[in-house]
Amino acid sequence: MIAREQFASLIGGNVYDRNGDKIGSLGQVYVDTATNEPAWASVNTGLFGLGESLVPISQAEARDGGVRVPYDKATVKDAPNIDASADEPLSSDEVAQLYQHYQLGGGGYTAESYDERGTSAAGYTAGSSHAGQAYSGDETRPGGHADDDAMTRSEERLTVDTERQAVGTARLRKYVVTDQVQTTVPVRREEVRLEREPVTDANAGAAFAGADITESEHEVTLHAERPVVDTETVPVERVRLGKETVTEQETVSGEVRKEQIEFDGPEGRGRDRR
């Protein structure tokens with residue numbers, strides 16, 4: 001469980017589901033009036049708009065500068081959501097819908113809105129007269145004054161985030177191909193060569209050793225080399241898959257609203273175009 005004072009430093013950080021997947025960023029925190037401990041938190045799960053899903057945080061854990069909740073991403077994204085631009089407590093109907101969605105018991109809660117600077121706005125009990133009240137105009141907002149001669153102009157800002165998703169897989173596969181290879185190899189062979197030598201004193205004994213006139217044959221065995229083809233397997237290289245991260249620029253767009261201020265006076269009407 002995360003202590004109440006820790007949430008001031010976690011606002012704006014990532015919210016992860018029970019599998020470690022990112023759901024969105026942490027928004028407002030709602031406190032249980034009975035225990036004075038954080039009970040709900042809003043999670044910005046989309047790229048555009050101010051709608052934020054609500055998730056129980058009584059069993060949440062701090063992780064990597066963010067929060068990990070014991071629910072899967074789909075359950076949190078399908079949960080009832082709130083308008084993040086309205087600094088209002090949860091109504092009794094909203095609390096009932098949340099308990100039904102997450103299959104929990106009932107209870108009363110105080111809405112405290114922590115901003116990214118770690119401060120908090122005034123909270124109101126869900127069962128009080130402020131519960132479910134829609135504020136319209138500066139004089140009815142918490143901290144506003146009806147006799148103030150200044151008006152606050154607000155506008156929406158486009159908030160863009162990224163999420164990591166699988167786009168494909170790559171694998172290595174080996175297969176065998178057959179190539180025809182030609183090479184030249186030297187081979188040797190024996191050939192018959194007729195040699196003649198005159199009779200001399202040195203070979204006269206061998207020349208006169210036989211009969212005078214006779215018929216005879218003499219065989220000589222010839223030898224030759226022939227190519228013998230065989231193959232052997234040898235390793236030639238190592239191949240592996242590697243990953244690298246590349247950054248591309250993508251353009252996104254969305255609709256944002258902003259307030260315009262008109263004035264009426266003795267000299268006529270006008271409009272602030274900023």
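Small disclaimer: the values here were computed from a predicted structure and weren't measured.

Draft legend 1. Local environment of the overall build of the chain. Each helix and strand in the chain was counted, giving four helices and 11 strands. Among the 274 residues that make up the chain, the fraction classed as buried is 22%. Sequence separation of at least 24 residues holds for 56% of the intrachain contacts in the chain that already meet a minimum separation of 6. Carbon and sulfur atoms provide 46% of the accessible area of the chain, an area that totals close to 22,200 Å².

Draft legend 2. Fine view of the confidence of the model for the chain. A residue-level look at the chain finds 77% of positions with pLDDT of 70 or above and a mean pLDDT of 77. Across residues 113-146, where pLDDT falls below 50, the model places 59 contacts with residues more than four positions away in sequence or in other chains.

Draft legend 3. Local environment of the pattern of salt bridges. Tallying each qualifying case throughout the model produces 10 salt bridges. Here Arg-63 ties to Asp-64 by a salt bridge, and the two come within 3.4 Å at their closest N and O atoms. Residue class for Arg-63 comes out partly exposed when judged on its relative accessible area of 27%. A relative accessible area of 66% places Asp-64 in the exposed class. The shortest N-O distance in the salt bridge between Lys-73 and Glu-163 comes to 3.4 Å. Of this pair, Lys-73 sits in helix H2 (residues 73-77) while Glu-163 sits in the loop between strand S9 (124-125) and helix H4 (204-207); the two residues are 90 residues apart in sequence, bridging distant segments of the chain. A single network of salt bridges, built from pairs that share partners, joins Arg-153, Glu-155 and Arg-157.

Draft legend 4. Fine view of the packing of aromatic side chains. In total, this model carries three aromatic pairs according to the counting rule given. Here the aromatic rings of Trp-40 and Tyr-99 are separated by 5.4 Å at their centres, their planes lie at 75 degrees, and the arrangement is edge-to-face. Taken as a pair, Trp-40 in strand S3 (residues 37-44) and Tyr-99 in helix H3 (residues 92-102) lie far apart in primary sequence, 59 residues in all. Under the relative-accessibility criterion, Trp-40 is labelled buried at 1%. In this structure, Arg-63 is placed above the aromatic ring of Tyr-16, and the distance from its NZ or CZ to the ring centre is 4.6 Å.

Draft legend 5. The pairing of strand S2 (residues 22-32), seen in detail. When you tally the buried positions in S2, you get nine out of 11 residues, the bulk of the element. By the bridge criterion, three bridges tie strand S1 (residues 14-16) to S2 in an arrangement that is antiparallel. By the bridge assignment, Asn-14 is partnered in S2 with Ser-25. Where S1 folds back onto S2 in an antiparallel hairpin, the turn is made up of five residues, including Gly-20, whose phi is positive at roughly 90 degrees.

Draft legend 6. Representation of unusual backbone geometry. Of note in the backbone geometry, Asp-64 takes a positive phi value of approximately 50 degrees without being a glycine. Tracing the chain through its elements places Asp-64 in the loop between strand S5 (61-63) and strand S6 (66-68).

Draft legend 7. Expanded view of the environment of His-223. Relative to the assigned elements, His-223 resides in the loop between H4 and strand S10 (261-265). Put simply, His-223 and Glu-190 are 33 residues apart on the chain and 5.3 Å apart in space, counted from C-alpha to C-alpha.

Draft legend 8. Spotlight on a nonpolar patch on the surface. A contiguous nonpolar surface patch, about 300 Å² in accessible area, is contributed by Leu-158, Val-160, Val-252 and Val-256. Among the structural elements, Val-256 can be located in the loop between H4 and S10.

Draft legend 9. Structural view of H3. Residues Val-95, Leu-98, Tyr-99 and Tyr-102 constitute the buried set of H3. The arc enclosing the buried residues of H3, seen along the axis, measures out at 95 degrees, which places them on a common side. Opposite the buried face of H3, by more than 90 degrees, sit the exposed residues Asp-93 and Gln-100. Gln-103 sits one or two residues past H3 and shows a positive phi near 55 degrees.

Draft legend 10. Spotlight on the environment of Pro-56. Following the sequence through the fold, Pro-56 ends up in strand S4 (residues 51-56). Look at Pro-56 and you get buried, because its relative accessible area is 6%. Here the alpha-carbon distance between Pro-56 and Val-69, two residues 13 residues apart in the chain, equals 7.7 Å. In contact with Pro-56, not counting residues within four places along its chain, are Ala-39, Trp-40, Val-69, Tyr-71, Tyr-102 and Leu-104.

Cut-offs and rules
Within each chain, residues carry numbers counting from 1 in the order of the written sequence. Where totals are concerned, whole chains, interfaces and linings use all residues; where local detail is concerned, this predicted model gives features only for residues with pLDDT of at least 70, and gives and counts side-chain atom pairs only at 80 or more. Remark: hydrogens and water are excluded; side-chain values derive from all non-hydrogen atoms of the structure. Every helix listed is a DSSP run of H or I at least four residues long, and every strand listed is a run of E at least two residues long, numbered separately from the N terminus. Buried residues are those whose accessible area, probed at 1.4 Å on protein chains only, stays under 20% of the maximum for their type, while exposed residues exceed 50% and partly exposed ones sit between those limits. Only heavy atoms enter the contact rule, under which two residues are in contact if any of them lie within 4.5 Å. Shrake-Rupley sampling with a 1.4 Å probe provides the accessible areas, and residues are treated as covered by the protein chains on show and by no other component. As a per-residue measure, pLDDT tells how confident the predictor is, with possible values from 0 to 100. For this document, the term salt bridge refers to a Lys or Arg side-chain nitrogen within 4 Å of an Asp or Glu carboxyl oxygen. Whether two aromatic rings pair depends on their centres lying within 6.5 Å, for rings of Phe, Tyr and Trp, where Trp uses its six-membered ring; planes under 30 degrees apart make the pair stacked, over 60 edge-to-face, and the rest tilted. We call a charge positioned over a ring when the NZ of a Lys or the CZ of an Arg lies within 6 Å of the ring centre and within 35 degrees of the ring normal. When DSSP finds two or more bridges between two strands, those strands count as paired. A patch consists of residues whose relative accessible area exceeds 30% and which take part in no salt bridge; residues with like charges are grouped when within 9 Å of each other, and nonpolar side chains (Val, Leu, Ile, Met, Phe, Trp, Tyr) when within 5 Å. This arc is taken over the directions from the axis of the helix to the C-beta atoms.

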